[in-house]
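# Structure assessment
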Amino acid sequence: MSAAATVNQPAEGAAGESPVAPVLEIEDLSITYRSRGGDVNAVRHVDLALRPGEVVGLAGESGSGKSTLALGAVRLLRPPAVITSGRVTYRGRRIGEGGFDVLAANAHELRRLRWREISIVFQSAMNALNPVLRIRDQLGDVIDAHMPLRREAKRARLESLLDLVGIPRERLRSYPHELSGGMRQRVMIAMALAVEPEVVIMDEPTTALDVVVQREILEQVAELRKELGFAMLFITHDLSLLLELADRIMILYAGQLAELGSALAIRNATAHPYTAGLLDSFPSVRGPRRALSGIPGSPPDMRELPRGCPFTPRCSFARAACSEVTMKPLTVGEGHVSTCPFVGADELAQARATRREGSPR
Amino acid sequence: MSELEPLAATLGPLVLEARELSKTYRIARGVQLEAVSDVSFGLYQRAIVALVGESGSGKSTVAKLLAGQERASAGSIRLDGETIEPARRRRFRAHKSEVQMVFQDPFSSLNPVHRVGYHLERPVRLHRGARTRAEVAAQTTELLEEVRLTPPEHFLAKFPHELSGGQRQRVAIARALAVRPRVLLADEPVSMLDVSIRLGVLDLIADLRSRFDLAVLYITHDIASARYFADETLVMYAGRIVERGPSETLTQQPAHPYTQLLLGAAPDPDRPATRLASGHARAAVGRAGSSLAGLPGCRFAPRCPFADERCRSQAPPLLPITRRRAAACWRLDVAAPALAKALDEEREEAIRT
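How each quantity is defined
Residues numbered from 1 in each chain as written. Chains lettered and ligands numbered in written order. Predicted model: local features only at pLDDT ≥ 70, side-chain atom pairs only at ≥ 80, totals over all residues. Helix = DSSP H or I, 4+ residues; strand = E, 2+ residues; numbered from the N terminus. Rg over C-alpha atoms; globule rule 2.2 N^0.38 Å. Buried ≥ 20, exposed ≤ 12 C-beta atoms within 10 Å, placed from the backbone. Contact = placed C-beta atoms within 7 Å. pLDDT = per-residue confidence, 0-100. Nonpolar A, V, L, I, M, F, W, Y, C, P; charged D, E, K, R; others polar. Expected span 1.5 Å × (residues − 1). Pairing = 2+ DSSP bridges. Axes fitted to C-alpha atoms, helices over the stretch in contact; angles between N-to-C directions. Core = buried A, V, L, I, M, F, W, Y, C linked by C-beta atoms within 7 Å. Parallel < 35°, antiparallel > 145°, perpendicular 65-115°, else oblique. Left-handed = near helix turned anticlockwise from the far one by under 90°.

### Brief notes about the overall build of chain A
Looking only at helices and strands, chain A has 11 helices and 13 strands in total. On C-alpha atoms alone, chain A measures out to a radius of gyration of 21 Å, which is about the 21 Å that the 2.2 N^0.38 rule sets for 361 residues. Burial statistics for chain A: of 361 residues in total, 48% are counted as buried. At a minimum sequence separation of 6, the contacts of chain A that also span at least 24 residues come to 67%.

### Some points on the confidence of the model for chain A
Residue and element names in this part refer to chain A. For chain A, the mean per-residue pLDDT works out to 85, and 91% of the residues sit at or above 70. When mean pLDDT is compared element by element in chain A, strand 10 (residues 248-253) scores highest at 95, while strand 1 (residues 9-10) scores lowest at 56. Taken together, the stretch residues 1-5 has pLDDT below 50 and engages in four contacts with residues farther than four places along the chain or on a different chain. Of the regions scoring below 50 in pLDDT, residues 12-17 engages in nine contacts with residues more than four places distant in sequence or in other chains.

### Digging into the interface of chain B and chain A
Taken together, the contact pairs 38 residues of chain B with 38 residues of chain A. Breaking the side of chain B that touches chain A down by element, the ones donating at least two residues are helix 6 (165-178), helix 7 (195-211), helix 8 (223-229), helix 10 (257-265) and helix 11 (274-277) of chain B. By residue number, the principal contributor to the side of chain B that touches chain A is helix 7 of chain B, which donates six residues. Residue composition of the side of chain B that touches chain A, grouped by class: 19 nonpolar, 10 polar and nine charged.

### Considerations on the environment of A:Ile235
All names here are of chain A. You can see Ile-235 is positioned in strand 9 (residues 231-236). Its 26 C-beta neighbours within 10 Å are what place Ile-235 among the buried residues. Beyond its immediate chain neighbours, meaning those up to four positions away, Ile-235 contacts Leu-58, Lys-66, Ser-67, Ala-70, Met-202, Asp-203 and Glu-204.

### Some thoughts on helix 6 of chain B
In a regular helix each residue adds 1.5 Å, so 14 residues correspond to 20 Å; helix 6 of chain B covers 20 Å between its end C-alpha atoms and thus fits that length. One or two steps after helix 6 of chain B, the chain reaches B:Arg180, where phi turns positive at roughly 55 degrees.

### Observations concerning the sheet that holds strand 8 (residues 215-220) of chain B
All names here are of chain B. Spatially, eight strands are ordered 6-7-8-3-9-10-12-11 in an open sheet, and the strand pairing comes out mixed. The open sheet has two free edges, formed respectively by strand 6 (99-102) and strand 11 (319-320), since each of these has just one partner strand. In terms of strand pairing, strand 7 (residues 183-187) meets strand 8 through five bridges, oriented parallel. Counterpart to Leu-184 in the pairing with strand 8 is Val-216. Running over the sheet, helix 1 (residues 59-67) touches strand 3 (48-52), strand 6, strand 7, strand 8 and strand 9 (232-237) and is turned about 150 degrees from strand 7. Packed on one face of the sheet, helix 6 meets strand 6 and strand 7 and runs near 175 degrees to strand 6.

### Details of the nonpolar core
With 202 residues, the main nonpolar core has B:Val49, B:Tyr218 and B:Leu262 as its most contacted residues. Take this core: its biggest share by element is eight residues, from helix 6 (residues 181-193) of chain A. Beyond its immediate sequence surroundings of up to four residues, B:Tyr218 is in contact with B:Ile48, B:Val49, B:Ala50, B:Ala186, B:Ala226, B:Phe229 and B:Ala230.

### Digging into the pairing of strand 9 of chain A
Residue and element names in this part refer to chain A. For strand 9, a buried count of six out of six residues is recorded, marking the element as mostly surrounded by other parts of the structure. Two strands pair when backbone bridges link them, and strand 8 (residues 199-203) and strand 9 are joined in this way by five bridges, in the parallel orientation. Within strand 9, the residue paired with Val-200 across the bridge is Met-232.

### Let's talk about the packing of helix 4 (residues 135-146) of chain A against helix 5 (residues 151-164) of chain A
Residues and elements named next belong to chain A. As a packed pair, helix 4 and helix 5 sit with axes 10 Å apart at the nearest point and diverge in direction by 115 degrees. Comparing their axes, helix 5 and helix 4 come out roughly perpendicular. Crossing angle aside, the handedness with which helix 4 passes helix 5 is right-handed. Residues Arg-136, Leu-139, Gly-140 and Ile-143 of helix 4 form the contact with helix 5, whose participating residues are Lys-154, Arg-157, Leu-158 and Leu-161. Here the residues of the contact of helix 4 with helix 5 sort into four nonpolar, one polar and three charged.

### A closer look at the packing of helix 7 (residues 211-228) of chain A against helix 10 of chain B
One way to put it is that helix 7 of chain A packs onto helix 10 of chain B with a least axis distance of 8 Å and a crossing angle of 55 degrees. Considering their axes alone, helix 7 of chain A and helix 10 of chain B lie oblique with respect to each other. Considering the relative orientation of helix 7 of chain A and helix 10 of chain B, their crossing is left-handed. Along its contact with helix 7 of chain A, which presents A:Val211, A:Val212 and A:Arg215, the element helix 10 of chain B presents B:Leu261, B:Leu262 and B:Ala265. Of the residues that constitute the contact of helix 7 of chain A with helix 10 of chain B, the class distribution is five nonpolar, no polar and one charged.

### Concerning the sheet that holds strand 1 (residues 14-28) of chain B
Across a sheet, strands are paired by hydrogen bonds formed along the backbone, either parallel or antiparallel in direction. Residues and elements named next belong to chain B. Judged by pairing direction, the sheet is antiparallel, and its four strands sit side by side in the order 2-1-4-5 without closing on themselves. At either end of the open sheet lies a strand with only one pairing partner, and these are strand 2 (31-44) and strand 5 (82-83). In this structure, strand 1 lies alongside strand 2, joined through 10 bridges in antiparallel fashion. By the bridge assignment for strand 2, Ala-28 is matched with Val-31.

### Brief notes about unusual backbone geometry
Geometrically, the link from A:Pro79 to A:Pro80 is a cis peptide bond, its omega value of 10 degrees lying close to zero. Structurally, A:Pro80 is set in the loop between helix 1 (66-73) and strand 5 (81-90). Here the bond from B:Thr150 into B:Pro151 is cis, since omega is -5 degrees, no more than 30 degrees from zero. Relative to the assigned elements, B:Pro151 resides in the loop between helix 4 (133-146) and helix 5 (152-156).

### Describing the confidence of the model for chain B
Residues and elements named next belong to chain B. Per-residue confidence for chain B gives a mean pLDDT of 86; residues scoring 70 or more make up 92%. With pLDDT under 50 throughout, residues 277-287 is counted as low confidence; its partners more than four residues away or in other chains account for 21 contacts. For this predicted complex, the interface confidence score (ipTM) comes to 0.77, while the overall pTM stands at 0.84.

If you want it as structure tokens, here you go:
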């Protein structure tokens, strides 16, 4: 293959378009952190459509812009972060009748949007609870603010919320310090679900927890999603979790799209060398021991990105033409896009298979 | 059954040994927490031993005891067969330099107001006897090369905040090596790093143990990484070792119900997405084990699907199940029937011959 030959075709229209209207649509979103040392373009021209009831996983290393993207999408960023381009719509086709242009919304509209329509569970949720208020009062606050209920109805609602996340009802009287880390994280999830939002954003909700507790919570989240039907944007640096949990997965690198596709396609028809590197980074407990390679080097310095594809310095398929690449989503399969124009899924699979035949470890 | 012969012991001579180590904390009047109880194992030259457990299982306390940061309530620590007593100051200081630690959080284990060079120069002067500026420079440069932070001159002048998490952890490892230790205690060295760079740091530690003949203790909650990285794995629950054996056989054929639970909870990329939603691992529900002193029975019994009367009244001892493996469970015949059956056959075979 000659250096400039491209194997992947440009994507037509939005990535992975489907007849179902997305509930949250992010188009061409760019977010910049302004600083004296120069601007940092944390998110660059990212498109993402979240359909009703689906789980989209957002994966990437620290500094890849995944949290910034999610926070920007609900306007939770403060200066020095500035949204420099793009459009975010909630139920975009129904603006005016329950839909929002999120980026144009005023404070009053945002208040209606948050919790009621879109809620967030943060990574540090364990520490996000007020230490001097009982669980009852903190959960109650959300209900009072967004879905006022009479006293009896509110009590019943609080109890059913705790049932939902598997915490004994008597814990309503507890203070946060009386709960374990896993329980506090569950309270945060209950809080996010308190007024039945359409979209729940989970920003590394289980990173600080033990594996066993993490599994319990993820199973609970998966069940709740089935039961309540909300759409979920799940952010993590651990791709192995997403392969189990998500319907679709978006891989971000240096604030830009690397690959987007169904969880199955990401795993079985990997089309971007960075995704392949992530997949070969974590050991598995089952099956034969396979050779792991990890990804050489460190995440990029966002102030000094190389020209063209930012993954080039760490990429084993890098070639001279990589510095000329414009990062555009290219279709590699149905609803499956990659920004790498040179490496195809077959070539990647072959390279990975050859590497695995080497000695384990 | 005969004495246990740990796999790690076949790789090199014994360096550091924990013998019936216990650590008790008083948490309230009359209430004692047995963070570590009756833990025995050895660290051998050129061998990596993993200590796996959830938070609160006592695994970090074991590391602190071995490093001499905490004093054991009972039991002993031996370096080259000689019991370490904190009262013997000079010997104790020597012990501390031979046993080095790498901590979980590379963001707080380096001093933010000092450059990388400063962190390495001090141990090089104190422990390597470097005198002149040229000697110090040569040795710090060499250390950075050992942990593959190249070019070294570039990193010597950097402050910790200018480095990524993986680079900081490499500096922490270089600092531990500066003392020329024989034992490296790595307490969750990669759990705060990105998944993509964990492997590089683990491979570095594995490589250093061969080149410097280190005995390594790798403390982690990630049993999958123990499978790849450690020769032998010890599983700890509520202060006790509940199972030990060669990493590969232990993870592929776990004996203790807790090891089975841990393995079931590990993310598995080869498992289809439907598995998560099906509530398969519901057996996992339960609170972390209590380490309160004086409670009778097996500490895992309240969460164990196989527990019976005996489990609730009598603590099971850690007994060898093969030459290389041991488990503390009364109900192995039910919990791991295939393993138990194989053992019975082996036993009969042994009796016959």
